[in-house]
Amino acid sequence: SNVIEVKDGKVTAKGSGTAIITAKSSNGKTATTRITVENSNVEIESIKLTGKNTFYVGETYTFDVLFNPSNATNKDFLLYSGNNEIISVLENGKIKALKAGKTTIIAKSSNDKISSIDVVVKESDIILEKLVLQGKSEINIGEKISLLVIYEPSNVPDKSVVWRSNDNNIIT
């Protein structure tokens, strides 16, 4: 059907209209239901990129995008940096400030609506004083754990670390 696809009891709407779904048992008993699919596609009229506009080198940040109307169906968007040497776009609205300078962050919706923010990246005067690792200190062969990094002070903007083991035969 062009309206509904059903497989193992899972129904997927394919297009507008009404379809009748039938289930039939091995001994011939049947049950039916009628499902109507409506086209509820709500187009984006405009978007607004929101968030702060000053960052420090090493800082990561996630921008928000406001959609108008708020009940728009497809809220996918892409984020772009006017200068990838100053700010790098990661994923899901997240950026990382790489070096001091000025650039523009641009959000583009799935239907080509655009919003932008001019941003400044500054050198940070906050210096990392100490790293602390938290987690189990004994594990079994094959076991996987996650270690938590605690930064002191906690507001240091560059929270990047490089992980390594002194013996990859024991821990990788």
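Preceding this paragraph is the structure being described.
Residues numbered from 1 in each chain as written. Predicted model: local features only at pLDDT ≥ 70, side-chain atom pairs only at ≥ 80, totals over all residues. Heavy atoms only, no water.

1. Some remarks on unusual backbone geometry
Filter applied, for reference: For helices the rule is a DSSP run of H or I covering at least 4 residues; for strands it is a run of E covering at least 2, with both sets numbered from the N terminus onward.
Cis geometry is adopted by the peptide bond preceding P69, which originates at N68 and carries an omega value of 0°. Take P69: it is sitting in the loop between β8 (64–68) and β9 (77–81). The amide bond that connects E152 to the next residue, P153, takes the cis arrangement and shows omega of 0°. We note that D112 has phi near 70°; this positive angle belongs to a residue other than glycine. Along the chain, D112 falls in the loop between β12 (101–109) and β13 (114–122).

2. Description of the pattern of salt bridges
The condition is simple: Salt bridge, as used here: a side-chain nitrogen of Lys or Arg that lies within 4 Å of a carboxyl oxygen of Asp or Glu. Exposed residues in this analysis have more than 50% of their type's maximum accessible area, buried residues have under 20%, and partly exposed residues fall in between, with area computed by a 1.4 Å probe over protein chains only.
Under the criterion given, the structure shown has five salt bridges. Residues D112 and K108 are paired through a salt bridge, measuring 3.5 Å at the closest nitrogen-oxygen approach. Of the charged contacts in the structure, one is a salt bridge between E143 and K136, with a shortest N-O distance of 2.6 Å. Overall, the relative accessible area of 28% leaves E143 in the partly exposed class. Take K136: its relative accessible area is 49%, and that puts it in the partly exposed class.

3. Notes on the sheet that holds strand β6 (residues 54–56)
Sheet strands pair via backbone hydrogen bonds, and the direction of the pair is either parallel or antiparallel. To keep things clear, this is the line we draw: Pairing between two strands is assigned when DSSP locates at least 2 bridges connecting them. To define axes, lines are fitted to C-alpha atoms, for helices over the stretch in contact only, and angles between the resulting N-to-C directions are given on a 0 to 180 degree scale.
Read from one edge of the open sheet, four strands run β6-β13-β12-β9, paired in mixed fashion. Each edge of the open sheet is held by one strand with a lone partner, namely β6 and β9. Averaged over neighbouring strand pairs, the angle between their axes works out to 30° when direction is ignored. Bridge count for β12 against β13 is eight bridges, and the pairing is antiparallel. Of the residues in β13, the one forming a bridge with T104 is D118.

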